[in-house]
Amino acid sequence: MEIMDNGKQERLEKRRIKKGYSLMKNYITIVGLLLSINVSSAQERLVKPLNRINLGVFPTGINYSREIPIAKRSTVEGSAGISLTYYIDNFGVQLGTDLSVDYKFYYNIGSRERKGKNTAGNSGSFVGATAYSNLFPLNKLEQSNNKSFQFGGAIFWGIRQQIKDSGFQVNFLGGPALAMEGLTDNNPSLFIRTGISYIF
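Throughout this document, residue positions are counted from 1 along each chain, in the order its sequence is written. Local features in a predicted model are, by the rule used here, given only for residues with pLDDT of at least 70; side-chain atom pairs are given and counted only at 80 or more, and totals for whole chains, interfaces and linings are based on all residues. Here the side-chain values reflect all heavy atoms present in the structure, with hydrogen atoms and water set aside.

Caption draft 1: Here's a closer look at the pairing of strand E7 (residues 168-179). Where strand E6 (residues 150-162) and E7 come together, nine bridges link them in antiparallel fashion. Opposite Arg-160, over in E7, you have Asn-171 as the bridge partner. Connecting the antiparallel pair E6 and E7 is a turn made up of five residues, with Lys-164 showing a positive phi of about 50°. By the convention used here, strands pair only if DSSP detects at least 2 bridges between them. Counting from the N terminus, the helices are DSSP H or I runs at least four residues long and the strands are E runs at least two residues long. Relative to strand E8 (residues 189-199), E7 is paired through 10 bridges, and the arrangement is antiparallel. The partner of Phe-172 across the bridge, within E8, is Thr-194.

Next up, the structure:
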C-alpha cells in the first residue's frame, strides 16, 4: 500500500513539474510576443520622445516640457515653468508658476516623411487639446487679482518646425478656450501659444 502511495506521489510530482514547465513556456512565449509587439509599435511610430526648453513669446515665459508618444502619430506633452504678465496701467510685471498638459495628433507627419520633408523634432502640423493652470503668483501686484489655482482648457491647431538639425524649433498653436475669470476677460476666448524651443 505504501509502495503504491509512493508511486502515485511520484506521478503527481512529475505532473506538477511538467505543468510548471508548460506554464513557464507559455509565460515566456507571451512575454516574447508582448516585447515584439512593443518593439514593432515603437518602430512604426512617426513621432519621437523629446525634452525641450521653451521660450514663450506669447504668452511670455520659460518652461521645460517632455513629449511622449502614445500612438503612431500622437503624443502627450507636459510642461512646467514660469510666465510673465505685463500690466500697462501703473506698469508692473507679475511672475506666475504654470503647468500644462497637451494632447497632439500630428496629422501630416506621415506625408511629410514620404515626401522627404523635415520631420526632425516632430516637425509638422497638428490638432489637439490642452489643460493649463496658473498655480500661484510669485509676486503680488495691486493691478492683479493675485489669485491662485486658475485653470483653463482649449482645443487647437498648431505647427512646429525645426530649423534643420540645429535643435531649435519655431512653434505656434491657437484655438478657442474656456478659462476661469482670473485667466481671461471673456468666455470663450482665443488661446494662443507661440515661441521658440530647443531640444536636448
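Structure's up, so let's keep going.
Caption draft 2: Representation of the side chain of Ser-197 in the model. Assignment of secondary structure puts Ser-197 in strand E8. Of the residues examined, Ser-197 reaches a relative accessible area of 2% and is grouped as buried. Each polar contact in these results corresponds to two N or O atoms within 3.5 Å; when the atoms are within protein, one needs to be able to donate a hydrogen and the other to accept it, and residues that are neighboring in sequence are counted only if both atoms are side-chain atoms. Within polar-contact distance, the side chain of Ser-197 engages the side chain of Asn-54 at 2.5 Å. Dropping the residues within four chain positions of it, Ser-197 is found in contact with Arg-52, Ile-53, Asn-54, Gly-167, Phe-168, Gln-169 and Asn-171. To sort residues, take the accessible area from a 1.4 Å probe on protein chains only and compare it with the maximum for the residue type: under 20% means buried, over 50% means exposed, and anything in between is partly exposed. Residue contacts are defined here by distance: any two heavy atoms, one from each residue, within 4.5 Å place the two residues in contact.

Caption draft 3: Here's a closer look at the environment of Leu-84. Note that Leu-84 resides in strand E3 (residues 74-87). With 24 residues separating them along the chain, Leu-84 and Thr-60 place their C-alpha atoms 5.5 Å apart.

Caption draft 4: Quick peek at the pattern of salt bridges. For this document, the term salt bridge refers to a Lys or Arg side-chain nitrogen within 4 Å of an Asp or Glu carboxyl oxygen. Counted under the stated rule, the structure contains seven salt bridges. Between Arg-52 and Glu-67 there is a salt bridge whose closest N-O contact spans 2.7 Å. Taken together, the positions of Arg-52 in strand E1 (residues 50-58) and Glu-67 in strand E2 (residues 61-69) put the pair 15 residues apart, joining distant regions of the chain. In this pair, the class of Arg-52 matches that of Glu-67, namely buried. Between Arg-52 and Glu-77 there is a salt bridge, with the nearest N and O atoms lying 3.1 Å from each other. Of the two residues, Arg-52 is situated in strand E1 and Glu-77 in strand E3; the sequence distance between them amounts to 25 residues. An identical accessibility class is assigned to Arg-52 and Glu-77; each is buried.

Caption draft 5: Quick look at the sheet that holds strand E5 (residues 124-137). Judged by pairing direction, the barrel is antiparallel, and its eight strands sit side by side in the order E1-E2-E3-E4-E5-E6-E7-E8 before closing back on the first. Averaged over all pairs of adjacent strands, the angle between strand axes in this sheet comes to 30°, irrespective of strand direction. For helices, the fitted line uses only the C-alpha atoms of the stretch in contact; every axis is such a line through C-alpha atoms, and the angle between N-to-C directions lies from 0 to 180 degrees.

Caption draft 6: Local environment of unusual backbone geometry. Of the consecutive residues Phe-58 and Pro-59, the connecting peptide bond is found in the cis state with omega at -5°. Position of Pro-59 relative to the elements: it lies in the loop between E1 and E2. The phi angle at Asn-122 is positive, at roughly 60°, despite the residue not being glycine. By secondary structure assignment, the location of Asn-122 is in the loop between helix H2 (109-114) and E5. Although it is not a glycine, Lys-164 adopts a positive phi angle of roughly 50°. As for its placement among the helices and strands, Lys-164 is situated in the loop between E6 and E7. With relative accessibility at 68%, the residue Lys-164 sits in the exposed group.

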